Amino acid sequence: MPGQKKMLIAGGGYADIPLVQAAKALGFHVITSGNRRDDPGHRYSDECRLADYSDETAMLRLARDLRIDAICAGCNDFSALSSAYVAERMGLPGHDPSETARIIHHKDRYRQFARMHGIPTPHARGFSSIEEALGELHGFRYPLIIKPVDLTGGKGISRIARADQASKALETAFHRSHAKRVVVEEFIEGSRHGLSTFIRDGRVVFYFSDDEHYFLNPYLVSAASTPGTMPAQAVKDLCRTAETIASLLSLENGIFHIQYILGQDGPVIIEICRRAPGDLYIRFVHLATGVDYPAAIVRAASGMDCSDLTRTDPAGYFTRHCMMTSRAGVVRGLVIDPAVQGDIIEQFMWWKAGDRVDDFLTHKFGIVFLRFNSMGEMLRKTDDMQNLIRVDLA
């Protein structure tokens, strides 16, 4: 349409679909990207122009060719970094400077920043070589977590209990890291949670709290449930911390998402990001609260007004469940227990009969959203959901 503003979304996966839909509803001509033509998000956009969103210069070249008016990160840290880079180079609104984006999305940089400003974070240090890391392990208490500084979703992460396990874990992390840097940190005991906040003029004006649930892979979230079980004081403390970080870094308006561990001494932040979390999390927020979170994120990313966003509690008890399996095999079908059939309010599936699954620790088949009648029912069924909704394998 002549005169229609263009938004480039740095992605096109299934988790980016709510962003695409929100941008189109706001009147943008939406172009999706990434390097996989068969990603389902492309079917929802006006146009698909493939480019690797982990390559900042490639994304800038694409953005200039398209003469975009706005850019929105997809559900990936590389996407957030390239979006900030493009916005900075093109003078587009709604994004932090590239240097700020790197502090937030590179684990070693963030932990150094947090330690400098007294923000609760694991004792950690970043390294650029295996030899350097091995020479400094004496300064840590075991067990340790070793992971790439620039990956999410449990990729390249190892937990070690002894120094003689370090070399292999470091090799794995360095191999997976694009930046060829890793972070070593002391393991924190406690329950794991998420807190998605929205910053406007340096203040938290909206937050959404959840419990994280895990299946066989201890580093990959397989479900989230809300309301969360964490104490109200912990949420207040984290909102204040988000505002402190927003002040220290002069953050632009928009999402500020936190993953944390609630231990004996209170909440300890493990990860932060300024992009939509994956696995249709922002659709989860929308369903649970009625707040159009995808639209708020898109509006902020394009410099539009976000003054109507206000704090809203979940209107019930909700779970977002990622379908996984406990072994390799060939997909035959889906089995849903009658005990949860009536709890399902929405689902998004991408499995097909005959699909071969080998990496079952990371492979997801679809996402199911459920609503329950009580907190107890939600927690009980969520903990057993991989049995209640399961993929039948040959």
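The text that follows walks through the structure, step by step, so that each part is easy to find. (Residues numbered from 1 in each chain as written. Predicted model: local features only at pLDDT ≥ 70, side-chain atom pairs only at ≥ 80, totals over all residues. Heavy atoms only, no water.)

Within the protein, the secondary structure is distributed over 13 helices and 19 strands. Here the C-alpha atoms of the protein give a radius of gyration of 21 Å, agreeing with the 21 Å that 2.2 N^0.38 yields for 394 residues. Seen through its principal axes, the protein has C-alpha atoms that stretch 65 × 50 × 45 Å. A separation threshold of at least 6 residues defines the contact pool for the protein, and within that pool the share at least 24 residues apart is 66%. (Helix = DSSP H or I, 4+ residues; strand = E, 2+ residues; numbered from the N terminus. Rg over C-alpha atoms; globule rule 2.2 N^0.38 Å. Contact = heavy atoms within 4.5 Å.)

With that settled, consider the side chain of Ser 33. Along the chain, Ser 33 falls in the loop between strand E2 (29-32) and strand E3 (47-48). The class of Ser 33 is buried, set by a relative accessible area of 0%. At a separation of 3.0 Å, a polar atom in the side chain of Ser 33 contacts the main-chain carbonyl oxygen of Ile 9. (Buried < 20%, exposed > 50% of the residue type's maximum accessible area, 1.4 Å probe, protein only. Polar contact = N/O pair within 3.5 Å; in protein donor to acceptor, adjacent residues only side chain to side chain.)

As a further point, take the sheet that holds strand E15 (residues 329-336). Spatial strand order, E17-E15-E19: 3 strands in an open sheet with antiparallel pairing. Each of the sheet's edge strands pairs with one partner strand only, and the pair in question is strand E17 (356-357) and strand E19 (389-393). Bridge count between E15 and E17: 2 bridges; the pairing is antiparallel. Counted as the bridge partner of Val 330 is Arg 356 from E17. (Pairing = 2+ DSSP bridges.)

Here we take up helix H7 (residues 166-176). Along H7, the residues classified as buried are Ala 166, Ala 169, Leu 170, Ala 173 and Phe 174. Looking down the long axis of H7, one finds its buried residues gathered within 130 degrees of arc, a one-sided arrangement. Residues of H7 that are exposed and angled more than 90 degrees away from the buried face: Lys 168 and His 175. Tucked into the core, H7 has its buried residues touching strand E5 (124-127), helix H6 (130-134), strand E6 (144-148), strand E7 (158-160) and strand E8 (182-186). (Arc of directions from axis to C-beta.)

Once that is clear, we can look at the state of the cysteines. Taken as a whole and assessed by the stated rule, the structure comprises 0 disulfides. Free cysteine Cys 72: the closest other cysteine sulfur is in Cys 75, separated by 8.5 Å. Judged by its relative accessible area of 2%, Cys 72 is buried. The thiol sulfur of Cys 322 is not disulfide-bonded, and the nearest other cysteine sulfur, from Cys 75, lies at 12 Å. (Disulfide = S-S within 2.5 Å.)

With that out of the way, let us pick up the packing of aromatic side chains. This structure, assessed with the given rule, holds 9 aromatic pairs. Note on Tyr 110 and Phe 113: the rings are 6.3 Å apart at their centroids and 40 degrees apart in plane angle, and the pair reads as tilted. In this pair, Tyr 110 and Phe 113 both sit in helix H5 (residues 107-116), 3 residues apart, roughly one turn of the helix. The pair Tyr 110 / Phe 113 is uniform in exposure class, with both members buried. Consider the rings of Phe 208 and Phe 284, whose centres lie 5.4 Å apart with planes at 85 degrees: the pair is edge-to-face. Taken together, the positions of Phe 208 in strand E10 (residues 203-214) and Phe 284 in helix H9 (residues 281-289) put the pair 76 residues apart, joining distant regions of the chain. Residue class for Phe 284 comes out buried when judged on its relative accessible area of 1%. Through a chain of ring-to-ring contacts, the aromatic side chains of Phe 208, Tyr 281, Phe 284 and Phe 369 assemble into a single cluster. (Phe/Tyr/Trp six-rings, centres within 6.5 Å; stacked < 30°, edge-to-face > 60°.)

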